[in-house]
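Residue strings, one per chain:
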Amino acid sequence: MQRRSDERGAVLLDALLEGRSTPGLAARAAAGLGVPEQGRYAVVVLRLGGATGPAGDADGLRFFRRVRADGELVVVALGDRDPAGLAALMARWCPGPGGIGPVADGLAGLGVSRRLAEVALLTCVPGEEGFVRLEERLPAALVVSQPELSARLVADVFGPLLALDPADRALLVRTLDAWLECGGSAGRAAGRLYCHRNTVLNRLRRLERLTSRSLSRPRELIEMVLALDAFRLSVSPQ
């Protein structure tokens, strides 16, 4: 009887993760799983072929693991825990990559949290490990959510850059990335890139000439940052 109850709860959980809004579905799932209907939940998405996520009770939390054809989902009953620590907790069981959706205030919100966790996972570049929260990757999430517009943005902003020799292009992109990571400090970026500060400035000026955009103008800088995210994530029309 317990096994049948667990199976029934799992089926209802799958329906919630798919975003179904059948009246009474969340209440039945709560009863079947033994969790509160209006509790705080997070959804973690792992890619197909990745390591297995946790299941059952661990570290004071409850985990419900669901394996699908295209990957794996882990629903976490957070209780009153801060979701900010979930990424590090998940990394104890598997290297990832994984995406974590925003907290759902109730089982009925699992479908939205699952969909946004999938978007968060898409912001992981090839070879990246670890778990990322959607809130940490919102600009990149906008990029991957609109592949056609993102591909057009890359072509418009980085068009001349794409025509360069791959090694030359990679050098300029790496310099821009380092400069952004260092808060716009050419000196700190130079230390990260093992070159002189003036070398960084010269590369950035060349990048400005190629893109016809200035890094000192906020709107044009935003375009450059979004185009950089799209370029790194290799966004292409579906």
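About the criteria used
Residues numbered from 1 in each chain as written. Predicted model: local features only at pLDDT ≥ 70, side-chain atom pairs only at ≥ 80, totals over all residues. Heavy atoms only, no water. Axes fitted to C-alpha atoms, helices over the stretch in contact; angles between N-to-C directions. Helix = DSSP H or I, 4+ residues; strand = E, 2+ residues; numbered from the N terminus. Parallel < 35°, antiparallel > 145°, perpendicular 65-115°, else oblique. Left-handed = near helix turned anticlockwise from the far one by under 90°. Contact = heavy atoms within 4.5 Å. Nonpolar A, V, L, I, M, F, W, Y, C, P; charged D, E, K, R; others polar. Phe/Tyr/Trp six-rings, centres within 6.5 Å; stacked < 30°, edge-to-face > 60°. Buried < 20%, exposed > 50% of the residue type's maximum accessible area, 1.4 Å probe, protein only. Lys NZ or Arg CZ within 6 Å of the ring centre and 35° of its normal. Pairing = 2+ DSSP bridges. 1 Å grid on protein atoms, 1.4 Å probe; cavity = no way out; pocket = protein on both sides within 12 Å on 5 of 7 lines; lining within 4 Å. Points joined across faces, edges and corners; volume = space filled by probe spheres on them.

Trainee: What should I look at first to understand the packing of helix α7 (residues 166-181) against helix α8 (residues 186-193) in this one?
Mentor: The description of two helices packed together rests on the angle between their axes and the distance between the axes. Contact pair α7 / α8: the axes reach a minimum separation of 8 Å and the direction vectors enclose 125°. Classified by the interaxial angle, the pair formed by α7 and α8 is oblique. Our pair here, α7 against α8, has a crossing hand that is right-handed. When α7 is examined against α8, the residues R174, T175, A178, W179 and E181 are found in contact with a partner set consisting of A186, R188, A189, R192 and L193. Residue composition of the contact of α7 with α8, by class: five nonpolar, one polar and four charged.

Trainee: Please explain the packing of aromatic side chains as it appears in this structure.
Mentor: Summed over the entire model, instances satisfying the criterion amount to two aromatic pairs. Between the aromatic rings of F63 and W93, the centroid separation amounts to 5.4 Å while the plane-to-plane angle is 65°, which identifies the pairing as edge-to-face. Here F63, found in strand β3 (residues 61-68), pairs with W93, found in the loop between α3 (86-91) and β5 (98-100); they are 30 residues apart in sequence, far enough to count as distant. Among the residues examined, F63 registers a relative accessible area of 3% and is labelled buried. Under the relative-accessibility criterion, W93 is labelled partly exposed at 33%. Relative to F231, the ring of F158 lies with its centre 6.1 Å away and its plane at 85°, an arrangement referred to as edge-to-face. With a gap of 73 residues between them, F158 in helix α6 (residues 147-162) and F231 in helix α10 (residues 218-232) connect regions that are remote in the sequence. With relative accessibility at 1%, the residue F158 sits in the buried group. Stacked on the ring of W93, the Lys or Arg R92 has its end atom at 5.5 Å from the ring centre.

Trainee: What is the right way to read the pairing of strand β1 (residues 40-47) from this model?
Mentor: Consecutive residues of a regular strand have side chains that alternate between opposite faces of the sheet. Summarising burial for β1: six of the eight residues are buried, a large majority. Sheet topology places β1 next to strand β4 (residues 71-77); seven bridges connect them, and they run antiparallel. For Y41, the partnering residue across the bridge sits in β4 and is A77. Looking at chain direction, β1 and β5 are connected through three bridges and run antiparallel.

Trainee: Sorry, what's going on with the pairing of β3 here?
Mentor: Here seven bridges tie β3 to β4, and the two strands are oriented antiparallel to one another. When the sheet's bridge partners are listed, F64 is paired in β4 with V75. Taking the residues between adjacent antiparallel strands as the criterion, β3 and β4 are bridged by two residues.

Trainee: Sorry if this is basic, but what is going on with the layout of surface pockets here?
Mentor: Take a probe with the size of a water molecule and roll it over the atoms, and the empty space left behind shows itself. What the largest pocket holds in volume is close to 360 Å³. Around the largest pocket, the lining is made up of 16 residues, and of these D177, E181, V225, D229 and R232 lie nearest the centre. Taken together, the elements giving at least two residues each to the lining of the largest pocket come down to α5 (138-145), α7 and α10. Ranked by residue count, the leading element in the lining of the largest pocket is α10, at four residues. Looking at the lining of the largest pocket, its residues break down into eight nonpolar, one polar and seven charged.

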